[in-house]
Amino acid sequence: MILFSFFGSLMLAGIVAFLFEKWGWTHNGIVPSVLIAFGAVLVLYFLRSLFHLSLGSPGVDAIVGAAAALILIPTEAAQRRRTRNRDRRR
C-alpha cells in the first residue's frame, strides 16, 4: 500500500506539472516542471512518512505540493532573464 501511494503521488505530480505547462501558468518546459513537481512531492511524502505531517490524503498532498512548488518557482523572472540575455547577444 505504501508503494501505491508513493507512485500515485508521483503520477499526480506529473499530471499537475503537465497541466500547469499546458495552461500557461509556468514557462519552464514540461520536463523541468515535472522534475520540480516530483521534488516537491518527494519532500511532502517524506514529511508525511517521517514526521506524520500532512494536508490530508497522499493525493491531496501531491496536488497541493506540486502546485505550490510550480507557483513558487520564479518562472517569469527566469523567462525575462533569458529574453534579456538573448537580446543582448544580438
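Residues numbered from 1 in each chain as written. Predicted model: local features only at pLDDT ≥ 70, side-chain atom pairs only at ≥ 80, totals over all residues. Heavy atoms only, no water.

## A word on the overall build of the protein chain
The helix and strand tally for the protein chain stands at four helices and zero strands. The proportion of buried residues among the 90 residues of the protein chain is 29%. Of the contacts formed within the protein chain by residues at least 6 apart in sequence, a portion of 65% connects residues at least 24 apart. (Helix = DSSP H or I, 4+ residues; strand = E, 2+ residues; numbered from the N terminus. Buried < 20%, exposed > 50% of the residue type's maximum accessible area, 1.4 Å probe, protein only. Contact = heavy atoms within 4.5 Å.)

## Some thoughts on the nonpolar core
Across soluble globular proteins, you tend to see nonpolar side chains buried next to one another. Val 16, Ala 37, Val 41, Ala 66 and Leu 70 are the most contacted members of the largest nonpolar core, which has 14 residues in total. When residues of this core are assigned to their parent elements, the largest contribution, six residues, is made by helix H1 (residues 2-23). Ignoring any residue separated from it by four or fewer positions in sequence, one finds Val 16 in contact with Ile 63, Ala 66, Ala 67 and Leu 70. (Core = buried A, V, L, I, M, F, W, Y, C linked by side-chain atoms within 4.5 Å.)

## Notes on the packing of H1 against helix H2 (residues 30-51)
For the pair H1 and H2, interaxial distance at closest approach is 8 Å and the crossing angle is 145 degrees. The two elements H1 and H2 cross, and the hand of that crossing is right-handed. Residues Ile 2, Ser 5, Phe 6, Ser 9, Leu 10, Ala 13, Gly 14, Ala 17, Phe 18 and Glu 21 of H1 form the contact with H2, whose own contacting residues are Ile 30, Ser 33, Val 34, Ala 37, Phe 38, Val 41, Leu 42 and Tyr 45. Of the residues belonging to the contact of H1 with H2, the class tally is 13 nonpolar, four polar and one charged. (Axes fitted to C-alpha atoms, helices over the stretch in contact; angles between N-to-C directions. Left-handed = near helix turned anticlockwise from the far one by under 90°. Nonpolar A, V, L, I, M, F, W, Y, C, P; charged D, E, K, R; others polar.)

## Focus: the pattern of salt bridges
Inspection of the entire model under this criterion finds one salt bridge. In this structure, Asp 61 engages Arg 48 in a salt bridge whose closest nitrogen and oxygen atoms are separated by 2.9 Å. Here the residue Asp 61 occupies a position in helix H3 (residues 58-72), and Arg 48 occupies one in helix H2, the gap between them amounting to 13 residues. Owing to a relative accessible area of 5%, Asp 61 belongs among the buried residues under this scheme. Given the relative accessible area of 24%, Arg 48 is considered partly exposed. (Salt bridge = Lys/Arg side-chain N within 4 Å of Asp/Glu carboxyl O.)

## Quick look at the environment of Gly 56
Following the sequence through the fold, Gly 56 ends up in the loop between H2 and H3. Exposure remark for Gly 56: the relative accessible area of 30% places this residue in the partly exposed category. Those residues in contact with Gly 56 that sit more than four places away from it in its chain are Arg 48 and Asp 61.

## Section: the packing of aromatic side chains
Per the counting criterion, the structure on display carries four aromatic pairs. A centroid spacing of 5.1 Å and a plane angle of 65 degrees characterise the contact between Phe 6 and Tyr 45, whose relative ring orientation is edge-to-face. With Phe 6 in helix H1 and Tyr 45 in helix H2, the pair connects residues that are 39 residues apart, well separated along the chain. An identical accessibility class is assigned to Phe 6 and Tyr 45; each is buried. What links up through ring pairs into an aromatic cluster is the set Phe 6, Phe 7 and Tyr 45. (Phe/Tyr/Trp six-rings, centres within 6.5 Å; stacked < 30°, edge-to-face > 60°.)

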